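# Examination of the molecular architecture
Listed below, chain by chain, are the residues.
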Amino acid sequence: MKKAFVKSYGCQMNAYDAARMADVLGKEGYAATERVEEADVVILNTCHIREKAAEKVYSELGRLRVLKGERQAEGRDTRIVVAGCVAQAEGAEILSRAPAVDVVVGPQSYHRLPDLLARSRETRVVDTDFPADDKFDHLPARRNRGVSAFLTVQEGCDKFCSFCVVPYTRGAEVSRSVPAILTEARALAEGGVRELTLIGQNVNAYHGPAEAGGTASLADLMRAVAAIPGIARIRYTTSHPNDMGEDLIQAHAELPALMPYLHLPVQSGSDRILAAMNRRHTADAYRRLIDRLRGARPDLALSSDFIVGFPGETDADFEGTMRLVAEIGFESAFSFKYSPRPGTPAAEREDAVPEDVKSARLSALQAALDRRRHAYQEEAVGQVTEILVEKAGRHPGQVAGKTPHMLAVQVDAPASTIGGLLPVRIVEAGTNSLFGQTLTSTAAAA
Ligand code: 5AD
Ligand code: SF4
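No experiment lies behind these values; they were computed from the predicted model shown.

What counts and what doesn't
- Residues numbered from 1 in each chain as written.
- Chains lettered and ligands numbered in written order.
- Predicted model: local features only at pLDDT ≥ 70, side-chain atom pairs only at ≥ 80, totals over all residues.
- Heavy atoms only, no water.
- Helix = DSSP H or I, 4+ residues; strand = E, 2+ residues; numbered from the N terminus.
- Expected span 1.5 Å × (residues − 1).
- Buried < 20%, exposed > 50% of the residue type's maximum accessible area, 1.4 Å probe, protein only.
- Contact = heavy atoms within 4.5 Å.
- Phe/Tyr/Trp six-rings, centres within 6.5 Å; stacked < 30°, edge-to-face > 60°.
- Lys NZ or Arg CZ within 6 Å of the ring centre and 35° of its normal.
- Salt bridge = Lys/Arg side-chain N within 4 Å of Asp/Glu carboxyl O.
- UniProt positions renumbered as here; feature names shortened; annotations may be inferred.
- Axes fitted to C-alpha atoms, helices over the stretch in contact; angles between N-to-C directions.
- Nonpolar A, V, L, I, M, F, W, Y, C, P; charged D, E, K, R; others polar.
- pLDDT = per-residue confidence, 0-100.
- Pairing = 2+ DSSP bridges.
- Near = heavy atom within 4 Å.

## Regarding helix H2 (residues 51-73)
- Between the first and last C-alpha of H2 there are 34 Å, a value that for 23 residues agrees with the 33 Å anticipated at 1.5 Å per step.
- Within H2, the full set of buried residues consists of Ala53, Ala54, Val57, Tyr58, Glu60, Leu61, Leu64, Leu67, Lys68 and Arg71.
- Taken together, the buried residues of H2 touch strand S1 (3-8), strand S3 (41-46), strand S4 (79-83), helix H3 (84-90) and helix H4 (93-97).

## Description of the packing of aromatic side chains
- Enumeration over the complete set of coordinates arrives at 5 aromatic pairs.
- Taken together, a centroid distance of 5.5 Å and an interplanar angle of 75° make the contact between phenylalanine 160 and tyrosine 168 edge-to-face.
- With 6.4 Å between their ring centres and 40° between their planes, tyrosine 286 and phenylalanine 330 make a pair best called tilted. Of the two residues, tyrosine 286 is situated in helix H11 (residues 283-296) and phenylalanine 330 in the loop between helix H12 (315-328) and strand S16 (332-337); the sequence distance between them amounts to 44 residues. When sorted by exposure, tyrosine 286 lands in the same class as phenylalanine 330, which is buried.
- Ring pairing ties together the aromatic residues Tyr286, Phe306 and Phe330, which thus form one cluster.
- Sitting over the ring of tyrosine 30, lysine 2 keeps its end group 4.4 Å from the ring centre.

## Regarding the pattern of salt bridges
- The full count for this structure, using the stated rule, is 40 salt bridges.
- Notably, a salt bridge pairs arginine 176 with glutamate 184, separated by 2.9 Å at the nearest N-O pair. Accessibility assignment for this pair places arginine 176 and glutamate 184 in one class, buried.
- Arginine 361 is the salt-bridge partner of glutamate 313, the closest N and O atoms lying 2.9 Å from each other. One end of the pair, glutamate 313, is in the loop between strand S15 (301-308) and H12; the other, arginine 361, is in helix H13 (residues 355-380), and 48 residues separate them in sequence.
- Glutamate 313 sits in the buried class, given a relative accessible area of 5%.
- For arginine 361, a relative accessible area of 7% gives the class buried.

## A closer look at unusual backbone geometry
- With an omega dihedral of 10°, the bond running from threonine 237 to threonine 238 counts as a cis peptide bond.
- Relative to the assigned elements, threonine 238 resides in the loop between strand S13 (233-237) and helix H9 (246-254).
- The phi dihedral of arginine 280 is positive, around 65°, even though this residue is not glycine.
- Looking at the element boundaries, arginine 280 is found in the loop between helix H10 (271-276) and H11.
- Owing to a relative accessible area of 61%, arginine 280 belongs among the exposed residues under this scheme.

## Focus: the UniProt feature "binding site: [4Fe-4S] cluster 1" (unreviewed entry) in the protein
- Under the feature "binding site: [4Fe-4S] cluster 1" (unreviewed entry), the UniProt entry names Cys11, Cys47 and Cys85. A maximum C-alpha distance of 10.7 Å is found for the annotated residues, which run over 75 residues; spatially they form one tight group.
- Locating cysteine 47 in the fold gives a position in the loop between S3 and H2.
- The contacts of cysteine 47, once residues within four sequence positions are left out, are Tyr9, Gly10, Asn14, Ala53, Ala54 and Val86.
- With respect to the secondary-structure elements, cysteine 85 resides in helix H3.
- Look past the residues within four positions of cysteine 85 in its chain and what remains in contact with it is Thr46, His48, Pro107, Thr169 and Arg170.

## So, the packing of H9 against H11
- At their nearest, the axes of H9 and H11 sit 7 Å apart, and the two run at 35° to each other. Residues Glu246, Ile249, His252 and Ala253 of H9 form the contact with H11, whose participating residues are Leu289, Arg292, Leu293 and Ala296.
- The residue inventory of the contact of H9 with H11, partitioned by class, reads 5 nonpolar, 1 polar and 2 charged.

## A few points about the confidence of the model for the protein
- On average, residues of the protein carry a pLDDT of 95, and 98% of them reach 70 or more.
- A low-confidence stretch, residues 442-446 (pLDDT under 50), is modelled with 2 contacts involving residues beyond four sequence positions or located in other chains.

## Quick notes on the sheet that holds strand S14 (residues 261-263)
- One open sheet accounts for 3 strands, arranged S14-S15-S16; its pairing is parallel. The open sheet has two edge strands with one neighbour each: S14 and S16. Mean inter-strand twist for the sheet, computed between neighbouring axes without regard to direction, equals 10°.
- As paired strands, S14 and S15 are joined by 3 bridges and run parallel to one another. The partner of leucine 262 across the bridge, within S15, is leucine 302.

## Details of the site of ligand 2
- The environment of ligand 2 is formed by Cys157, Lys159, Phe160, Cys161, Phe163, Cys164, Val166, Pro167, His240 and Arg279.
- When grouped by side-chain class, the residues that make up the shell around ligand 2 number 7 nonpolar, 1 polar and 2 charged.

What follows is the structure, given as structure tokens:
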């Protein structure tokens, strides 16, 4: 049997695309493998968001060239595919930089992989079109993906933050239709999925054709998804503050399946930098938005993205970010050093922040974010909550799951609990996860 190895970098959108590419190849008779040496097709599903992410691809391609040569010496063919956002951004340039590559395919064209692979036997191929037909209409049915699954509902971004390549690599915002999403969601639920994370580059701008005509908002869509039998939990990511509509805020108060956790990137706490980033909101507007969200859902856990060292960022600007972090108290966060991306307006600026200053700011910010995250984990100890059991735990006899607030918990419980909601008491906080006891065993011990 032919084998395919798919490696994905970057965001959840890419993880979703990687799974769908595996499905496309599965239909062609390829079995998935985790061992690259035995793969007849190797797909790197790449990320272009920061320079480091893009450079990783080229070093991986160097290693793959050697592997391809070794397999060739044994008479075995290896097709190497570069997919994702580096493919979209660099296209044919990849062919000249990486001689081992056979196919370059963008995020909107991977449903054509079988055809592209066949054509690559004659000549190296590049497909980075934004085709008029919808790739989702051409993808095979999804195979079972466990208890918690991603579902792409929206792609692309119209925001044009001045540092970001996404509007160029993923194109303009497009929302899938409600019926198409519900069909996919129902199939996932029937396959055992209990938690759906609706994903999109700017998911809260979702406005897709509704079942009964007209346009559905993300809140409308989530209400329809929540009505599907078997779906116990809904999440969504990632969002822009300016698209947090009133109905979406209200959904956090009214929709029990919508989990109390929100990833809402702010990037900076300085109005000057926010303006230069073209974020189109101030730090205070973000604070007020968080107040409204917490008004709707007081226990809402917040997560965010931050960039330090954007061109022209002064110590005072950075202090603004630190102040915002201290005031809001993010339970989780991702923070990055600014990385100039070719083709974006910010990359043209000549007032770059020195690398050592960026590093110092990143360490200070991450230390503050880590402190809050640890404190949040400690606060959870003693609390009674419910986890969705997703998989076997780290040790025999344990299972692992997540709380509504996205905290990872390990519990002594049989594997038969996987896929179920399990009431637990958190008893201990480790470095990366919490330990819980099932409530029945807590009662037995007492
Ligand atoms: N440099 C650093 N971080 C970036 N991000 C996006 N573009 C850049 C860049 N050029 C970060 C933002 C975004 C997250 C997905 O990646 O914080 O929210
Ligand atoms: Fe990039 Fe800004 Fe769009 Fe997010 S909102 S994908 S940071 S342009």
